[in-house]
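In case you want the letters, here they are:
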There are 2 protein chains.
Amino acid sequence: MAKHRSQKGTLFVISGPSGTGKGTVCKELLKENDLKLSISMTTRQPREGEQNGRDYFFVTREEFEKNIAEGNLLEYADVFGNLYGTPKDAVVRQLERGRNVLLEIDVQGALKVKEAMNEAVLVFLLPPSMKVLQERLSGRGTDSEEVIQRRFREALNEIRLLGEYDYYVVNDDLEEAVADVAAVVRAESRRVPGKVKPIIRDYEEEDN
Amino acid sequence: MAKHRSQKGTLFVISGPSGTGKGTVCKELLKENDLKLSISMTTRQPREGEQNGRDYFFVTREEFEKNIAEGNLLEYADVFGNLYGTPKDAVVRQLERGRNVLLEIDVQGALKVKEAMNEAVLVFLLPPSMKVLQERLSGRGTDSEEVIQRRFREALNEIRLLGEYDYYVVNDDLEEAVADVAAVVRAESRRVPGKVKPIIRDYEEEDN
């Protein structure tokens, strides 16, 4: 019955407002789960410690626009003046190999991915409360006060889009949040819809 | 955000052909998961080691029929001459308390439960192969050769009903099968549909 397991992979999109801990959750998730991280392309400057090809593909605006023109982006968006996008080829290639792909992305991007690939599974990462979100945004220390306030105001508008998502995870305790997402990944691989005929056929063939 | 977690419970129905290990999977699952086992009512004789009120409610046919008449069975069926049923009251009471309920039941019963409670989550337990199923049925040593053969023939017809289920789990390695079902239970508690409005309201109220 190994055949049941060697099916097409699923694209899991982890998304949520800035400051909900998408990056940390994804990093922990990748440690113990058989997931391939989708690496985004961006025109923003690398932060300290970030590596090209590992954290992002850091490109010039010109290179980014060439990728748009060639139709190689599953989604792209202008976030606070920087362009971010998801290279399509790499994701599709992994899915067809049966690998599950993890994509960490902002809310607007997640919705575009769902439009482009309806079978993608969207997970919304929620802060424990608006108060905690504000603290996390301020405590990060990488952004100006203006950016922090803009992100905070945007967060509630993004939470209002929850209905477009498949799952929600409250990132209160990191370990629990990671276990929640890991359960979603595992459970999704056991969902019946779309797999009924090949599974039944396996047992029927053996019986004849 | 504790409010998100104190929602209504879900009824998980673990089902599959005889010999797929429903009982063992459920027993292991209950050890580490916050699930309340639904205890069935039956007119069959207790097997060695089985206790009334723990394994089943063992009743006379007369008592069973009284429960049918009073509408206290979520489903009931005649299986090889014995009546089996699921007391409705107890299940509904637990769900309203926010407890998840686990119901171990044959395929026909599972489909009736789904008819009566569409929000129930159905998990189909599959054998690794028809060959292994035959071995397991024979090796159990509690049934006559005639019953074993009847169950084996019935298994493929039951597998053909897989499309009515939400999830499938292949019981090859017990630990993996239990982890699969546990993931389904955890992931289902994080599903968005039906919870959008109360969640958004929590964050909006805090923001105002």
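All figures in this text were calculated on a predicted structure; none of them were measured in a lab. (Residues numbered from 1 in each chain as written. Chains lettered and ligands numbered in written order. Predicted model: local features only at pLDDT ≥ 70, side-chain atom pairs only at ≥ 80, totals over all residues. Heavy atoms only, no water.)

Participant: Just checking my understanding: could you explain the pattern of salt bridges for this structure?
Facilitator: Side-chain pairs of opposite charge can arise whenever the charged atoms involved come near each other. In total, this model carries 24 salt bridges over all chains according to the counting rule given. The salt bridge involving A:Asp55 is made with A:Arg54; its shortest N-O contact spans 3.0 Å. Look at A:Arg54 and you get partly exposed, because its relative accessible area is 44%. The partner of B:Arg99 in a salt bridge is B:Asp34, with the nearest N and O atoms 3.3 Å apart. (Salt bridge = Lys/Arg side-chain N within 4 Å of Asp/Glu carboxyl O. Buried < 20%, exposed > 50% of the residue type's maximum accessible area, 1.4 Å probe, protein only.)

Participant: I keep staring at the interface of chain B and chain A and nothing clicks. Help me out?
Facilitator: Quoted interface sizes are often the accessible area lost when the parts come together. Listed as interface residues are 43 residues of chain B and, on the opposing side, 43 residues of chain A. Here chain B and chain A share an interface that buries about 3,900 Å² over both sides, 61% of which is from carbon and sulfur atoms. When residues of chain B are sorted by the area they lose upon contact with chain A, B:Tyr168, B:Arg190 and B:Tyr203 head the list and together hold 20% of the total. Where chain B meets chain A, there are 8 salt bridges. In this structure, A:Arg190 and B:Asp180 form a salt bridge, with 3.8 Å as the shortest nitrogen-oxygen distance. Where chain B packs against chain A, one counts 14 residue pairs in polar contact (both at pLDDT 80 or more). (Contact = heavy atoms within 4.5 Å. Buried area = accessible area lost by both parts, 1.4 Å probe. Polar contact = N/O pair within 3.5 Å; in protein donor to acceptor, adjacent residues only side chain to side chain.)

Participant: What's the story with the packing of helix α8 (residues 174-188) of chain A against helix α8 (residues 174-188) of chain B in this structure? I'm lost.
Facilitator: Any two packed helices are characterised by how steeply their axes cross, that is the angle between the axes, and by the distance between the axes. Closest axis-to-axis distance for the α8(A)/α8(B) pair is 8 Å, and the angle between their directions is 110°. By the angle between their axes, α8(A) is roughly perpendicular relative to α8(B). Seen from above, α8(A) lies across α8(B) with left-handed handedness. Across from A:Glu176, A:Ala179, A:Asp180, A:Ala183, A:Val184, A:Arg186 and A:Ala187 in α8(A), the residues of α8(B) making contact are B:Glu176, B:Ala179, B:Asp180, B:Ala183, B:Val184, B:Arg186 and B:Ala187. (Axes fitted to C-alpha atoms, helices over the stretch in contact; angles between N-to-C directions. Helix = DSSP H or I, 4+ residues; strand = E, 2+ residues; numbered from the N terminus. Parallel < 35°, antiparallel > 145°, perpendicular 65-115°, else oblique. Left-handed = near helix turned anticlockwise from the far one by under 90°.)

Participant: Help me understand the UniProt feature "domain: Guanylate kinase-like" (unreviewed entry) in chain A in this model?
Facilitator: Annotation from UniProt places "domain: Guanylate kinase-like" (unreviewed entry) at residues 9-186 of chain A. When the span residues 9-186 of chain A is considered, its composition is 43% helix and 23% strand, and the gap between its end C-alpha atoms is 12 Å. (UniProt positions renumbered as here; feature names shortened; annotations may be inferred.)

Participant: What am I meant to see in the confidence of the model for chain A here?
Facilitator: Detailed reading of predicted coordinates is not advised where the pLDDT is low. Residue-level pLDDT values for chain A average 90, and 96% of them are 70 or greater. Looking over chain A, one finds the lowest element-wise mean pLDDT in helix α1 (residues 2-5) of chain A, namely 47, and the highest in strand β8 (residues 121-126) of chain A, namely 98. (pLDDT = per-residue confidence, 0-100.)

Participant: Got a minute to help me understand the sheet that holds strand β2 (residues 35-37) of chain A in this structure?
Facilitator: Within a sheet, each strand pairs with its neighbour through backbone hydrogen bonds, oriented either parallel or antiparallel. All names here are of chain A. One open sheet holds the 5 strands; their spatial order is β2-β7-β1-β8-β9, and the pairing between them is parallel. Of all strands in the sheet, those bounded by a partner on one side alone are β2 and β9 (167-170). Sheet twist, expressed as the average angle between the axes of neighbouring strands with direction ignored, equals 25°. Sheet topology note: the β8/β9 ladder contains 4 bridges and is parallel. Residue valine 123 lies in a different strand from β9, and its bridge partner there is tyrosine 167. (Pairing = 2+ DSSP bridges.)

Participant: Explain the relation of the copies chain B and chain A to me, please; I cannot follow it from the model alone.
Facilitator: At an RMSD of 0.0 Å, chain B and chain A line up after a rotation of 180° and a shift of 0.0 Å along the axis. In short, the pair behaves as if placed about a two-fold rotation axis. Within chain B, B:Ala183 has its C-alpha nearest the rotation axis, a separation of 2.2 Å. When the interface residues of chain B are mapped onto chain A, 100% of them again fall at the interface, so both copies present the same face. (Least-squares fit on C-alpha atoms with pLDDT ≥ 70 in both.)

Participant: Before we go on, may I ask you to explain the packing of aromatic side chains in this structure?
Facilitator: Geometrically, a pair of aromatic rings is defined through the distance of the ring centres and the angle of the planes. Residues and elements named next belong to chain A. Enumeration over the complete set of coordinates arrives at 8 aromatic pairs over all chains. Ring geometry for tyrosine 56 against phenylalanine 58: centres 5.6 Å apart, planes inclined by 50°, an arrangement best described as tilted. Exposure remark for phenylalanine 58: the relative accessible area of 16% places this residue in the buried category. Aromatic ring contacts, followed pair by pair, group Tyr56, Phe58 and Tyr84 into a single cluster. (Phe/Tyr/Trp six-rings, centres within 6.5 Å; stacked < 30°, edge-to-face > 60°.)

Participant: I'm lost on helix α2 (residues 22-32) of chain A in this one. Help?
Facilitator: Along an α-helix, residues three or four apart share an orientation, since each turn contains 3.6 residues. All names here are of chain A. Within α2 the residues assigned to the buried category are Lys22, Val25, Cys26 and Leu29. For α2, the buried positions fall inside an angular range of 95° around the axis, keeping them on one side. The exposed set on the far side of α2, more than 90 degrees from its buried face, consists of Lys27 and Lys31. (Arc of directions from axis to C-beta.)

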